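# Breakdown of the fold
Residues per chain, in single letters:
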Amino acid sequence: MANSKRISAIILIIVIATFLLSWIIKAFNLEGSPNNTGLWFSIRDAFFITIAAFLTLAIFSFLYKDNPYYKFAEHLFVGISAAYWMCVGFWSTLIGNLVPNISSSLSTFFRVPYKGLHFTYFVPLILGIILLMRLSSKRGWISRWALAWIVGTTSGLNLIRYLRTDFISQVSNTFIPLLVDWKGVGPFFSHFSLSSTGQFAMTLSNWVIFIGVFCGLIYFFFSKEHKGIFGTASRVGIWVLMITFGASFGYTVMGRVSLLVGRLTYLFRDWLGLIS
Amino acid sequence: MKLKILSIFCSLLLGIVPLAIAQENADTASVDSTAVASPAPVSQLTAVDTDNDHGHSISLKWEPSPDDGAGLKSVIGYEVYRAESPGGPFVIRAALPSGASSHIDVGAKEKESGDYMADYTDYYYKVRAITADSLVYSDSDVFGPVQCYGQWFNTGRIPVLVFVIGFMCTTILLIQKAKSGAKLFVRRLAGIEAVDEAIGRATEMGKPILYVLGLGTAADIATIASYTILGRVAKKVAEYQTRLIVPCYDPITMTVAQETVKTAYADAGRPDDYNEDMVYFVTQSQFAYVAAVNGTMLRERPATNIYMGLFYAESLILAETGALAGSIQISGTDQIAQIPFFIVACDYTLIGEELYAASAYLGREPLLLGSLKAQDYAKAAFIVLAVIGFLTINFGIDWFKQLFYISN
């Protein structure tokens, strides 16, 4: 146990020494760079670059296993972000939106322009106060009213939105011709082309949409056991879904790789200066 | 000799330069003389209140100038002017390219805004046909007065109203049917059936269950569906006396989750076992939240991880870490881009609509079963309508598709 503590202490000293050295070297490098804006600025900028590199590597160290450096980065990240978002919420929602619409004196106090008395803003204010009632052990039940308001209102609003975009628009978008510009067997074969804008590709695409939508819908039908023809259609539906997910997976992974490249670029270019 | 040559050169220069300048001026004058031709003004300008809106907007139409793309071809665009009296002063409201024959003048609805456009106020409009020369233009006749005002009913959304009424009536009927004791069949959902098994496993192993509600707010449908599943999981956890961990991204989501878990513990007959620290707030920063949940997974080593709700880029990071920790993982989301990640990294995944069905499947309450059945009826209606629409469009009949047109 004592041995393990000693090893941890040695590793900690090595890490601190490495990053201190890195900070000093980076400060000298920045001092000698054409964009040099002064010694103190170089020291400050080098400090931020080194800290960012340390935190990046600390988070990456999670790939090996959970360790104190990851824990440090995690707690720092969580603490700072929680405090940051609380400040943003206070200054943008309460002071930025609420105060200018309910009180002239508070607007003057917080130095925000008063927009006049708007009674509608008292609704969220009252709901907010009701929500805070949960801190009281006796009157905590009142907070459920505010929660019911939030969940009920948004469910109602979303019902309309989903019905409009996911149902009615989707229905009308399924009204597609299965034979695009069909001019008979002869012309179809004589003008056959695999171009993505060609007649064949459009016809094939419409067939895929038609079959995919129907079989996909059948998969999401919960009132009937998936057996017989229904089961076959449902299996086609899940195949269509899986192919779609496969394509989506590849597409999204490419996006994530670009994020990794961005971070590695920071380490190798901005911190180590190994690439230009 | 040299002096003579120099004097000849100078005289030539002195003679040529004024000539060149004069010629250039003449050219400019000739260009100006063709550009200054005043274009014909636009005609038949009309302005009416914009339909199906909240007010503060007027729609204008006109016949383009005969010199726009034809005739003199001198019109390069139009400017729309508005005034509160026929004599002005007119203020420019929009600059449009040539060929334009309509414009919707939208003002702000806030009185504090400089662009405020009052309802029930007389406005006058004119449209100016402009040319390349800013001094050469022609104005239409002034049209007015016209007023804008809001409508209570958006006629362009009648299809939505019809479907909402139809859906609500079906839901109410089916809920009544379920309440009257009719047996409503719901097919087996493998992912949800695994929940009980996973809770049992956690109890046997003496390890906690991690329930992640995702990044949604209490207003998101996926989060609302997730609360029902959380309630069911919490009830089982209370019965088995296992530990539950619910890290939350959003403070309001956390409050609702706390209420859900508290109610579940009370329903299970163990209200004293409920501890508020089971459901806690982490942060509202996406990746800080992920870092914290990942740390919890590796330190607490939960036997089961359940991810139900709205997820974004964090889905794969969470599910991969859970797999690394050796937990059984059950997930469900309606975010299409994230489902693939859950499928590859979790043992069971509820795909989209299955997440909503899961709450009814688990609860077996008439209210939820009735609404689930109504959704199935809506899907059946979808299929029937799509078949009719598909047949009509293939036979060249267009009016059926028009029934589904919704304006903004």
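Rules used in this analysis
Residues numbered from 1 in each chain as written. Chains lettered and ligands numbered in written order. Predicted model: local features only at pLDDT ≥ 70, side-chain atom pairs only at ≥ 80, totals over all residues. Heavy atoms only, no water. Helix = DSSP H or I, 4+ residues; strand = E, 2+ residues; numbered from the N terminus. Rg over C-alpha atoms; globule rule 2.2 N^0.38 Å. Buried < 20%, exposed > 50% of the residue type's maximum accessible area, 1.4 Å probe, protein only. Contact = heavy atoms within 4.5 Å. Areas by Shrake-Rupley, 256 points an atom, 1.4 Å probe, with all protein chains shown as cover. Lys, Arg positive; Asp, Glu negative; His and termini not counted. Charge placed at Lys NZ, Arg CZ, Asp CG, Glu CD. pLDDT = per-residue confidence, 0-100. Axes fitted to C-alpha atoms, helices over the stretch in contact; angles between N-to-C directions. Parallel < 35°, antiparallel > 145°, perpendicular 65-115°, else oblique. Left-handed = near helix turned anticlockwise from the far one by under 90°. Nonpolar A, V, L, I, M, F, W, Y, C, P; charged D, E, K, R; others polar. Buried area = accessible area lost by both parts, 1.4 Å probe. Salt bridge = Lys/Arg side-chain N within 4 Å of Asp/Glu carboxyl O. Expected span 1.5 Å × (residues − 1). Domains from an automatic or database assignment.

Attention now moves to the overall build of chain B. A count of helices and strands for chain B gives 11 helices and 14 strands. For chain B, whose C-alpha radius of gyration is 35 Å, the value lies well above the compact-globule estimate of 22 Å for 408 residues. Based on the C-alpha atoms only, the size of chain B along its principal axes is roughly 115 × 70 × 50 Å. The buried share of chain B, reckoned over its 408 residues, is 49%. For chain B, long-range pairs separated by at least 24 residues make up 66% of all intrachain contacts whose partners lie at least 6 apart in sequence. Looking at chain B as shown, the accessible area adds up to about 19,600 Å², and 60% of this sits on carbon and sulfur atoms. Within chain B, one finds 30 positive and 43 negative side-chain charges whose respective centroids are separated by 8 Å.

A tally of regular secondary structure across chain A gives 9 helices and 0 strands. Listing the helices and strands of chain A from first to last along the sequence gives α-α-α-α-α-α-α-α-α. Here the C-alpha atoms of chain A give a radius of gyration of 31 Å, more than 25% beyond the 19 Å that 2.2 N^0.38 yields for 276 residues. Counting only contacts in chain A whose residues sit at least 6 apart along the sequence, the fraction spanning at least 24 positions is 31%.

A word on the environment of A129 of chain B. All names here are of chain B. With respect to the element layout, A129 can be found in strand β6 (residues 123-130). By relative accessible area, A129 is classed as buried at 0%. Taking the C-alpha atoms as reference, A129 lies 6.2 Å from V75; in sequence the two are 54 residues apart.

Take unusual backbone geometry next. Residue R111 of chain A is not a glycine yet carries a positive backbone phi of 60 degrees. Along the chain, R111 of chain A turns up in the loop between α4 (104-110) and α5 (122-132). At H56 of chain B, a residue that is not glycine, the phi angle is positive and equals roughly 60 degrees. Topologically, H56 of chain B is positioned in the loop between β1 (43-49) and β2 (57-63). Accessibility expressed as a relative area gives 10% for H56 of chain B, which makes it buried.

Let us look at the confidence of the model for chain B. Residue and element names in this part refer to chain B. Mean pLDDT over chain B stands at 85; residues scoring 70 or higher make up 91%. No element of chain B has a lower mean pLDDT than helix α1 (residues 2-35), at 45, and none a higher one than strand β10 (residues 244-248), at 95. Contacts of residues 1-6 to residues separated by more than four positions or lying in other chains number 0 contacts, the stretch itself having pLDDT below 50. Taken as a whole, residues 8-33 scores under 50 in pLDDT and shows 1 contact with residues more than four places along the chain or in a different chain. Interface confidence for the predicted complex, given as ipTM, is 0.81, next to a pTM of 0.76.

Moving on, we get to the packing of helix α8 (residues 199-219) of chain A against helix α9 (residues 228-271) of chain A. Residues and elements named next belong to chain A. Two numbers describe how α8 lies on α9: the axes approach to 7 Å, and their chain directions differ by 110 degrees. Classed by the angle they form, the pair α8 and α9 counts as roughly perpendicular. Handedness of the crossing formed by α8 with α9: left-handed. Along its contact with α8, which presents I211, G212, C215, G216, I218 and Y219, the element α9 presents F230, A233, S234, V236, G237, I238, V240 and L241. Considering only residue class, the contact of α8 with α9 consists of 10 nonpolar, 4 polar and no charged.

With that settled, consider the interface of chain B and chain A. Each side of the interface is counted separately: chain B has 72 residues, and chain A has 61 residues. Taken over both partners, the interface formed by chain B and chain A buries close to 6,000 Å², and the fraction arising from carbon and sulfur atoms is 71%. The three residues of chain B that bury the most area against chain A are R187, R299 and F382 of chain B, which together make up 12% of that side's buried surface. Where chain B packs against chain A, one counts 5 salt bridges.

Let us now look at the pattern of salt bridges. If the charged atoms of two oppositely charged side chains come close together, the side chains can form a pair. Residues and elements named next belong to chain B. This structure, assessed with the given rule, holds 18 salt bridges over all chains. R93 is paired through a salt bridge with D115; the nearest N and O atoms lie 2.7 Å apart. Of this pair, R93 sits in strand β4 (residues 91-97) while D115 sits in the loop between β5 (102-106) and β6, and the two are 22 residues apart along the sequence. The salt bridge involving R128 is made with D139; its shortest N-O contact spans 2.7 Å. With R128 in strand β6 and D139 in strand β7 (residues 137-139), the pair connects residues that are 11 residues apart, well separated along the chain.

The next subject is α8 of chain A. In a regular helix each residue adds 1.5 Å, so 21 residues correspond to 30 Å; α8 of chain A covers 30 Å between its end C-alpha atoms and thus fits that length. All of the buried residues along α8 of chain A are Q199, A201, T203, N206, F210, G212, F214, C215, G216, L217, I218 and Y219 of chain A.

The next thing to look at is the domain arrangement of chain B. Residues and elements named next belong to chain B. Considered domain by domain, chain B is made up of domain 1 (43-146), domain 2 (155-179 + 369-402) and domain 3 (190-364). Averaged C-alpha coordinates put domain 2 and domain 3 at centres separated by 33 Å. Contacts between the two partners involve 4 residues from domain 2 and, on the opposite side, 5 residues from domain 3. Here domain 2 and domain 3 share an interface that buries about 400 Å² over both sides, 65% of which is from carbon and sulfur atoms. For domain 2, the biggest contributors to the area lost against domain 3 are L369, L372 and Q375; these three give 86% of the whole. Our count for the domain 2 to domain 3 interface comes out at 1 salt bridge.

All names here are of chain A. Note that F268 resides in helix α9. Using a relative accessible area of 36% as the deciding quantity, one classes F268 as partly exposed. Linking F268 and E31, residues 237 residues apart in sequence, is a C-alpha distance of 19 Å. Leaving out residues up to four positions away in the same chain, F268 has contacts with G273, L274 and I275.

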